[in-house]
Structures are given as C-alpha cells and as structure tokens.
Amino acid sequence: MGETGMGESGMGESGTGHEPPQGHRRGTGQAQGHGHAHGHGHGHAVSAEADRRLLTAALVLILGFMAAEVVVGFVARSLALVSDAGHMLTDAIAIAFAIVAMRIAARPPQGGFTYGLKRAEIISAQINGITLLLLSVYFVYEGVRRLIEPPEVAGAYVVATGLAGIVVNLAATWLLSRANRSSLNVEGAFQHILNDLFAFIATTAAGAVVWATGWSRADALAALVVAALMLKAGWGLVRDSGRVFMEAAPAGMSPAEIGRRTAALEHVVEVHDLHIWEVTSGYPAMSAHILVAPGSDCHAVRQAAQRMVHDEYGIAHTTLQVDHAPPDLLAIGGPAEPHCAEAHGPAHTNGRPQPSDDTAGKRGPNGCPGRRRISFRRPDRLSDHPT
C-alpha cells in the first residue's frame, strides 16, 4: 500500500468545503483510485499590500529616530541610549526583512518549490532572532563593564531622548498592531517594537535617576534591562522559527491526541504514519494513513477526518490515504503481516495507541511494527467512541 504525496495540490476526492482559518483557501481534487485522498492547495487571502504599507511607515519612523538616538547617545555618553539604538536597528532590520519576505512568500509555487517560497518569512524571523541574541550578549558585556567603571552620563539628554523614543515607538507599535500578526516575522517585528517601547521606558527612568542623583550606574542597569528584553524576544523567535524548520507540530497541538481522535471515528480500525507540521506560520498541514473496516465507505471516513481536524484543530491542509484494513490485521491472536513499509510514529487503534510491549513493538521485515492484537467490532456495531 503506497503513501500519498504531500504536494501543494491534492489528487484525491474533493474536501469538506470549509474555509480554512487565517486566510487560507482550499482547492478541489479529483478521484484517484480506491481509498486514496488528498488535502488541497492554499492561497493567502490577507491584504499583503496593506501590511507592506503599514510596515513601511513604521520602518521610516524607526530609522529616523534611530539615527537621532545614536548621535545623542554618543554626545551624552549614555550606553542605555546607544543600546536602545542597537535595539531599534534590529527593529528596522526585522521590519525590512518582513517586507522583503512577504514579497518573496507571495510568489506562486513553481518548479521544485511545491509550496512556493512561504518559508522566506520563517528565515526572516530566525535571522531577526539570532541578531537579537547576539546584540543582547554584547550589551550584557558592556552593561557589566559600566557597572564596574561607570562613565559620566548626561541625564537630561537621556530623559529627553527617552521621552521622544516612547512617542515614536507608540506610533510604530500602533502601525504594526494593525498588520497581519499571524505571520511569524510580522509578529516578530511587532514584538521588537513593543520591547523597544519598554526599553525606552526603562531608559527614561534611568536618565531621570542620573539627572536627579548623579548615580551613573542607573544607565548601565537600564542597558541590562534592554539586553534582557532582547534575549527574551530573540529566543522566542529562534525557538518558534526552529520548530517550523524542524517540521514539528504547531505549538499547543498534540499529534497523539489527534491520532486518538481520528482512530475513534466511526469505522476506523487504525491510524498510523501521522505527521503534523507547519509550512509557514499559520499554515498547518497533516498527513496520515487510515485503515477502515472492510465494507466501510473510505471517502466518507476521509471526509469525517478532514472535518474533525479542520473544525477542532484548524488544520485545513490534509493529505489522507484511506484503505480497507487487510484480514490479517483484524485477526486476534497472532502477529499481523506488515501492511506498509517504514511506518513512522505510533499506530492508534480504536482511540488507543498501539500497545508497545516487547512483542507488539518489534518491527516486521518491512519496517512496520508487528501487531499482535487489535480490538475490532463488526462495522454495523461501530460508533464514534471506543468502548
């Protein structure tokens, strides 16, 4: 029994007809043989042009203020202001990458890129995250050094620049909050700006302390706060984009739970080779091999599985292979012959994972786990819930 592909357009029967979440549309497919079905292609339905205008306006604000902050920071000898400017540079880079990545990701699938170039957004998010991590290390080093040997800081300059920075970042945050934040790199740019807003608040407070008391170490402490914010934002971007690159299931989505729910559907005997991943942020996909009881309607089972994962888990792109279970798989007592080659992950039967005892867990000659016992009831007595 062969595996179905996971390309951008399906070859199976048409899907459920539901509109997928987060701006994705489903196409239609055509019948292809007995028991085989695919999910369907997607296209983004968000206003990318409006997003680019919002991001461009925020970019102009950030670049203009960043240049002024660098000048004032060196004049005032304020590490907090210079570190804020460094953070704003990463903000500008994040927004620029987001704009470029949006254009690249909008290109249609062609050639060997069957999903198009949608992961350009994830590359952008990872670059921004790594940049934040590197800058946070530098500012931690400088902050500690200036705690030990604090320079003279012009507190009045710091306060004035910090207040202006709060206003600029409020405006930029408002612009980005109106963009499509379901995209990981747009959300990353938004988090950069939001964290920079918090950093300016800390910088302004430090400048006020230096101005009022002359305690210059407050500037270095504010720089360490900025570095901590960079570290938090950078790690979040690297972690989330890394999950997409490693084709992990979307955060908060349990493949084991989805496998059990699918196996508990009416007429389903077993679910295996279940894979859930993200093509890009907000674009989850799923593939699985589903075995049904002899005499059952494969297409009806596929449609029920598609509806379930779409309505309850927001997975609109599904690639499902549905076959009738072979007689030896339904037998009770002896080990079953392998029914596929190189199966991946656990098999779920009647809503329960396959037993993993020493005998059941052994691999057959073709790579599939041997099945010793599988609960099975006649098709006319099957229900949506296991007994």
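Residues numbered from 1 in each chain as written. Predicted model: local features only at pLDDT ≥ 70, side-chain atom pairs only at ≥ 80, totals over all residues. Heavy atoms only, no water.

A. Examining the overall build of the protein chain more closely. Secondary structure assignment for the protein chain yields nine helices and five strands. Shown N-terminal to C-terminal, the secondary structure of the protein chain runs as helices and strands in the order α-α-α-α-α-α-α-β-β-α-β-α-β-β. Relative to its 387 residues, the protein chain shows a buried fraction of 51%. Residue pairs at least 24 apart in sequence account for 75% of intrachain contacts in the protein chain once pairs closer than 6 positions are excluded. Of the roughly 17,300 Å² of accessible surface on the protein chain, 61% is carried by carbon and sulfur atoms. (Helix = DSSP H or I, 4+ residues; strand = E, 2+ residues; numbered from the N terminus. Buried < 20%, exposed > 50% of the residue type's maximum accessible area, 1.4 Å probe, protein only. Contact = heavy atoms within 4.5 Å. Areas by Shrake-Rupley, 256 points an atom, 1.4 Å probe, with all protein chains shown as cover.)

B. Region of interest: unusual backbone geometry. In this structure, E247 is a non-glycine residue whose phi angle is positive, near 55°. Tracing the backbone shows E247 in the loop between α6 (217-245) and α7 (255-263). Its identity is not glycine, yet H267 carries a phi of approximately 75°, on the positive side. When you line up the elements, H267 lands in the loop between α7 and β1 (268-278).

C. Broad picture of the pattern of salt bridges. Here the structure, examined in full by the defined rule, presents four salt bridges. Measuring nitrogen to oxygen at the nearest pair gives 2.9 Å for the salt bridge that ties E142 to R145. One end of the pair is E142 and the other is R145, both in helix α3 (residues 120-148) and three residues apart, which spans about a single turn. On the basis of relative accessibility, which here comes to 9%, the residue E142 falls in the buried class. (Salt bridge = Lys/Arg side-chain N within 4 Å of Asp/Glu carboxyl O.)

D. A look at the packing of aromatic side chains. On inspection of all chains with the given rule, the structure shows three aromatic pairs. A centroid spacing of 5.5 Å and a plane angle of 65° characterise the contact between F65 and F200, whose relative ring orientation is edge-to-face. Here F65, found in helix α1 (residues 48-76), pairs with F200, found in helix α5 (residues 184-213); they are 135 residues apart in sequence, far enough to count as distant. On the accessibility criterion, F65 (10% relative accessible area) is buried. (Phe/Tyr/Trp six-rings, centres within 6.5 Å; stacked < 30°, edge-to-face > 60°.)

E. Inspection of a nonpolar patch on the surface at higher detail. Taken together, the side chains of F97, I123, I127, F245 and M246 define a hydrophobic patch exposed on the protein surface, amounting to about 450 Å² of accessible area. Secondary-structure assignment places I127 in helix α3. (Patch = residues over 30% accessible without salt bridge, like charges linked within 9 Å, V, L, I, M, F, W, Y side chains within 5 Å.)

F. Looking closely at the nonpolar core. In terms of nonpolar packing, the biggest core is built from 28 residues, with L55, A58, I62, M88, I95, L176 and I193 touching the most fellow members. Mapped by element, the contributors of at least two residues to this core are α1, α2 (79-105), α4 (155-177) and α5. With eight residues, α2 is the single largest residue contributor to this core. V268, I276, V301 and L320 belong to the second largest nonpolar core, which has 22 residues in total. (Core = buried A, V, L, I, M, F, W, Y, C linked by side-chain atoms within 4.5 Å.)

G. Looking closely at the packing of α3 against α6. Where α3 contacts α6, the axes come no closer than 7 Å and their chain directions differ by 155°. In terms of axis orientation, α3 runs roughly antiparallel to α6. As α3 packs across α6, the resulting crossing turns out to be left-handed. Here the contact of α3 with α6 is composed, by residue class, of 24 nonpolar, eight polar and two charged. (Axes fitted to C-alpha atoms, helices over the stretch in contact; angles between N-to-C directions. Parallel < 35°, antiparallel > 145°, perpendicular 65-115°, else oblique. Left-handed = near helix turned anticlockwise from the far one by under 90°. Nonpolar A, V, L, I, M, F, W, Y, C, P; charged D, E, K, R; others polar.)

H. Examining the pairing of β1 more closely. Counting buried positions along β1 gives 10 out of 11 residues, so the element sits mostly inside the fold. Two strands pair when backbone bridges link them, and β1 and strand β2 (residues 284-292) are joined in this way by eight bridges, in the antiparallel orientation. Following the sheet pairing, H272 is matched in β2 by H289. Relative to strand β4 (residues 348-349), β1 runs antiparallel, the two being bridged by two bridges. Residue pairing for β4: V271 is matched across the bridge by H348. (Pairing = 2+ DSSP bridges.)

I. Expanded view of the packing of α7 against helix α8 (residues 298-313). In contact at an axis separation of 10 Å, α7 and α8 are set at 140° when each is read in the N-to-C sense. It follows that α7 is oblique to α8 by the angle criterion. Where α7 crosses over α8, the two elements pack in a sense that is right-handed. Contacts between α7 and α8 pair E257, I258, R261 and T262 from the former with A305, M308, V309, E312 and Y313 from the latter. Taken together, the residues of the contact of α7 with α8 break down into five nonpolar, one polar and three charged.

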